[in-house]
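# Structure assessment
Chain residues, written in single-letter form:
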Amino acid sequence: MDAAALAASRRRVAIDALGIAVSAGGFGFVYGLAARSAGFSPLEAGAMSLLVFAGASQFAAVGYVLGGFSWLGVVILTAFINARHVLYGAALAPYLADKPRPLRAVMAHLLTDEAFALTIAHFRRIGRADVPGYWLAAIGSTFIPWNLATLLGVTVGGSIPDPSRFGLDVIFPAAMGGLAVGLIIGRRELVAALSGAVVGVAVSLAWDPAAGIVTGGLVGPLLGMAVGAGGVDEPSREALIAFGTERGGLMRQQGAPVDQDDPERGLP
Amino acid sequence: MSTALIPLAFLMGLVTYPWRAVPLLVPGMHRLPAQVQLYLRLVGPSVLAALAAVDTFVSVDAARHGTFHVGWEWLAVGLCIAIVAIRRNLFLGLIVAAGMIAILRAVGVASLP
């Protein structure tokens, strides 16, 4: 891996992290407002952001506390909502296998939707793990903005007009959609993303939104694997090239062979 | 200042951490069969798309019942996705999406959530 390619990929992480930081900041601020309106103190809201660090379950917890759920119920539902993180850890594990265990243990706490999306794209671009790149993706894009914005929302939020007037509520789904596009490098990824979305919505309506997200995330890849490998279609290829994640991009500079359907592509 | 919910935050963190940590800490995760690795490669786009779609199209009430919802938000999210695909600029996509919804709400075309 040459230093210029690594630096280029880290710059891409930094640029994308800026957009994610806006999303995390806006989302964290809204969470702080919601926690404040549910009667959380700044210490309680801040502790939740620091110790749980998982937005969807924190929002749900505010609703549960407000609705008078038992703590046992809140904890069980939190575990269910956050189950999808096991998929992220499993996807990153091959890259991080040779890193010290204490380091991986710390990295695990910072593994969010956003950190995963930025990190997996970065690791695939460079073909290996990059710990500083992970910190940039996890801490710079999400951990710091999320925690600062939570405290801001829960302390001074009452004097600010409804954040949804500024469209802040649409930033999270837009960021997730945009990051998904960055990971689409062929027909299989496209089918996995589309089917994950459809299954997610269907199960959410039939059962529960948290179940929908987990089910969509689990079923989508199966449908993606079911389609023929095929070639990379042109629109996806353009997106891929734009993101610099095509193996023929950064890795071709090292003389690496191009094989879009190699399941171990990009793994160390 | 109340600290009564801090133990709850700790418990929530306690049940969240294993989901994140176990796959990273269990030995042998990097020697998975090729088909499993392919599956894991497809998890990212699938989960992120599910998150985006559910957040955009499912409206949740206090009892966590979901109802199908088609507002202007889907157009804003779609615009962001298009900008990312064409211009590779997520930050610009997010600004355009939020700005579009803010304007539509300001002029009364789109309703507040």
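Numbering of residues starts from 1 in each chain and follows the order in which that chain's sequence is written. Chain A is the first chain written and ligand 1 is the first ligand written, with later ones labelled in order. Selection of residues for local features in this predicted model requires a pLDDT of at least 70, selection of side-chain atom pairs for listing and counting requires 80 or more, and totals for whole chains, interfaces and linings are taken over all residues.

The next point concerns the overall build of chain B. Note on conventions: DSSP H or I runs of at least 4 residues are helices, E runs of at least 2 residues are strands, and numbering of each starts at the N terminus. Of regular secondary structure, chain B possesses 4 helices and 2 strands. The order of α-helices and β-strands along chain B, N terminus first, is α-α-β-β-α-α. Between the buried cut of 20 or more and the exposed cut of 12 or fewer other C-beta atoms within 10 Å of a residue's own C-beta lies the partly exposed class, and all C-beta atoms are placed from the backbone. Residue burial in chain B is summarised as follows: out of 113 residues, 46% are buried. Here, residue contact means that the backbone-derived C-beta atoms of the two residues sit within 7 Å. Sequence-distant contacts, at least 24 apart, represent 23% of the contacts inside chain B between residues at least 6 apart.

Counting its regular elements, chain A contains 12 helices and 0 strands. Of the regular secondary structure in chain A, the N- to C-terminal order runs α-α-α-α-α-α-α-α-α-α-α-α. In chain A, buried positions account for 56% of the 268 residues.

Another aspect to go through is the interface of chain A and chain B. Opposite the 100 residues of chain A that make contact, chain B presents 72 residues. The element that contributes the greatest number of residues to the side of chain A that touches chain B is helix H9 (residues 171-182) of chain A, accounting for 12 residues. Only Asp, Glu, Lys and Arg are considered charged, only Ala, Val, Leu, Ile, Met, Phe, Trp, Tyr, Cys and Pro nonpolar, and every remaining residue, Gly among them, polar. When its residues are assigned to classes, the side of chain A that touches chain B shows 63 nonpolar, 24 polar and 13 charged.

What follows covers the confidence of the model for chain B. Residue and element names in this part refer to chain B. With 96% of its residues at a pLDDT of at least 70, chain B reaches an overall mean of 87. Within chain B, the element-level pLDDT minimum falls on helix H2 (residues 34-57), averaging 84, and the maximum on helix H1 (residues 6-25), averaging 95. If you check the scores for this complex, the pTM reads 0.65 and the ipTM reads 0.83. pLDDT is defined as a per-residue confidence score from the predictor, taking values between 0 and 100.

Another point: the environment of Leu51(B). Positionally, Leu51(B) belongs in helix H2. By C-beta crowding, Leu51(B) is classed as buried, having 29 other C-beta atoms within 10 Å.

Our focus in this paragraph is helix H8 (residues 131-156) of chain A. The span one expects for a helix is its residue count, reduced by one, times 1.5 Å. Helix length check: H8(A) (26 residues) gives 35 Å between terminal C-alpha atoms against 38 Å at 1.5 Å per residue, within 8%. Note that bend, as reported per residue, equals the angle between axes fitted to the 7 residues terminating at that residue and the 7 residues originating from it. Along H8(A), the helix axis deviates most sharply at Ile139(A), where the bend reaches about 40 degrees.

What follows covers the nonpolar core. We define a nonpolar core as a collection of buried residues of the types Ala, Val, Leu, Ile, Met, Phe, Trp, Tyr and Cys that are connected via C-beta atoms lying within 7 Å of each other. Ranked by size, the top nonpolar core spans 112 residues in total, and within it Ile171(A), Ala180(A), Leu94(B) and Ala97(B) carry the most contacts. Ranked by residues supplied to this core, first place goes to H2(B) with 14 residues. Sequence-distant contacts of Ala97(B), defined by excluding residues within four places in its chain, comprise Val170(A), Ile171(A), Ala174(A), Ala76(B), Val77(B), Leu79(B) and Cys80(B).

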